[in-house]
Amino acid sequence: MGYESKTFSLTIAEMREFAGFDEHEQRFIERSLDIALARGDAFKSWSGSAADQRAIRGQYLAYRELRQLRSAIPDSDGFDGIESLMGTLMRISAQDLAMEQLESFSAYRFLYERLLGAAVRPFLPAAFCAAAALPQIRPQRRRMLLQSLSEAAATAPAWSTQEPAFFPEKIEIEAA
């Protein structure tokens, strides 16, 4: 199988995964990527209420740290530099989870591997668990989030190093 064929297959698999998320999860992922990747004017595209504007502003401020966070991902199995990655990743993750738009580890992983790249995958279960277990997350929500992390994801011996290929974005539908 050639490189283009593998990339095409990966893209289709990622599109299917995204299609399996709830509609509000899809919108949150699209909005988050618009903010983080500076696609268009996220404030104009996504803000409606004052609460929406505050949420977008909070995400924008948190996501400004992503560039530095990408460079903080450790290359080895050692523990050097782990605190600079995990502390910041946990805080940003907790802010996103507290918005109650992501319902599962799968949706969280889908978003964060696009925000930070494939190298962050091995650290996502730990960051997700830590963020979901914080007292800032409502108890019922904590339970639901933590139960969404499968044993396979929590104990994976290795993660793919293939970069994500599909980056969903909001598409404006014109009135006919």
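What comes next is a walk through the structure. What you see is a predicted model, and the numbers here were worked out from it, not measured in a lab. (Residues numbered from 1 in each chain as written. Predicted model: local features only at pLDDT ≥ 70, side-chain atom pairs only at ≥ 80, totals over all residues. Heavy atoms only, no water.)

### Focus: the overall build of the chain
What the chain contains, in helices and strands, is 10 helices and 0 strands. What you see for the chain is a C-alpha radius of gyration of 16 Å, in line with the 16 Å of a compact globule of 176 residues. For the chain, the spread of C-alpha atoms along the principal axes amounts to about 55 × 45 × 30 Å. Across the 176 residues of the chain, 39% fall into the buried class. For the chain, the proportion of contacts with a sequence separation of at least 24, taken over those separated by at least 6, is 69%. Summed over its atoms, the accessible surface of the chain is roughly 10200 Å², and 54% of this surface lies on carbon and sulfur atoms. Charge centroids of the chain, computed over 20 positive and 24 negative side chains, lie 5 Å from each other. (Helix = DSSP H or I, 4+ residues; strand = E, 2+ residues; numbered from the N terminus. Rg over C-alpha atoms; globule rule 2.2 N^0.38 Å. Buried < 20%, exposed > 50% of the residue type's maximum accessible area, 1.4 Å probe, protein only. Contact = heavy atoms within 4.5 Å. Areas by Shrake-Rupley, 256 points an atom, 1.4 Å probe, with all protein chains shown as cover. Lys, Arg positive; Asp, Glu negative; His and termini not counted. Charge placed at Lys NZ, Arg CZ, Asp CG, Glu CD.)

### Details of the side chain of Ser32
By the secondary structure assignment, Ser32 is in helix H2 (residues 23–36). Once residues lying within four places of it in the same chain are set aside, the contact partners of Ser32 are Gln59, Tyr63, Leu111 and Leu115.

### A few points about unusual backbone geometry
Residues other than glycine seldom take positive phi values, yet Ala38 does so here, at roughly 55°. Examined against the element boundaries, Ala38 turns out to sit in the loop between H2 and helix H3 (42–46). Relative accessible area serves as the criterion here: at 62%, Ala38 is assigned to the exposed category. Positive phi, normally seen in glycine, also occurs at Glu100, with a value near 60°.

### A closer look at the packing of aromatic side chains
On inspection of all chains with the given rule, the structure shows 8 aromatic pairs. With centroids separated by 6.3 Å and ring planes inclined at 90°, the aromatic side chains of Phe18 and Phe21 adopt a geometry described as edge-to-face. Measuring from centroid to centroid gives 5.4 Å for Phe21 and Phe110, while their planes differ by 80°, and the two rings are edge-to-face. With a gap of 89 residues between them, Phe21 in the loop between helix H1 (3–19) and H2 and Phe110 in helix H7 (residues 105–116) connect regions that are remote in the sequence. Across the pair, Phe110 and Phe21 agree in class, each one buried. Aromatic rings pair up to connect Phe18, Phe21, Phe110 and Phe166 into one cluster. (Phe/Tyr/Trp six-rings, centres within 6.5 Å; stacked < 30°, edge-to-face > 60°.)

### Things to note about the packing of helix H6 (residues 82–98) against helix H8 (residues 124–132)
Two quantities define a packed helix pair, namely the angle between the axes and the distance from one axis to the other. Where H6 contacts H8, the axes come no closer than 8 Å and their chain directions differ by 55°. One way to sum up the angle between H6 and H8 is to call them oblique. Seen along the crossing, H6 lies across H8 with a hand that is right-handed. Contact residues: Met86, Leu89, Met90, Ser93, Ala94 and Leu97 in H6; Leu124, Ala126, Ala127, Phe128, Ala130, Ala131 and Ala132 in H8. (Axes fitted to C-alpha atoms, helices over the stretch in contact; angles between N-to-C directions. Parallel < 35°, antiparallel > 145°, perpendicular 65-115°, else oblique. Left-handed = near helix turned anticlockwise from the far one by under 90°.)

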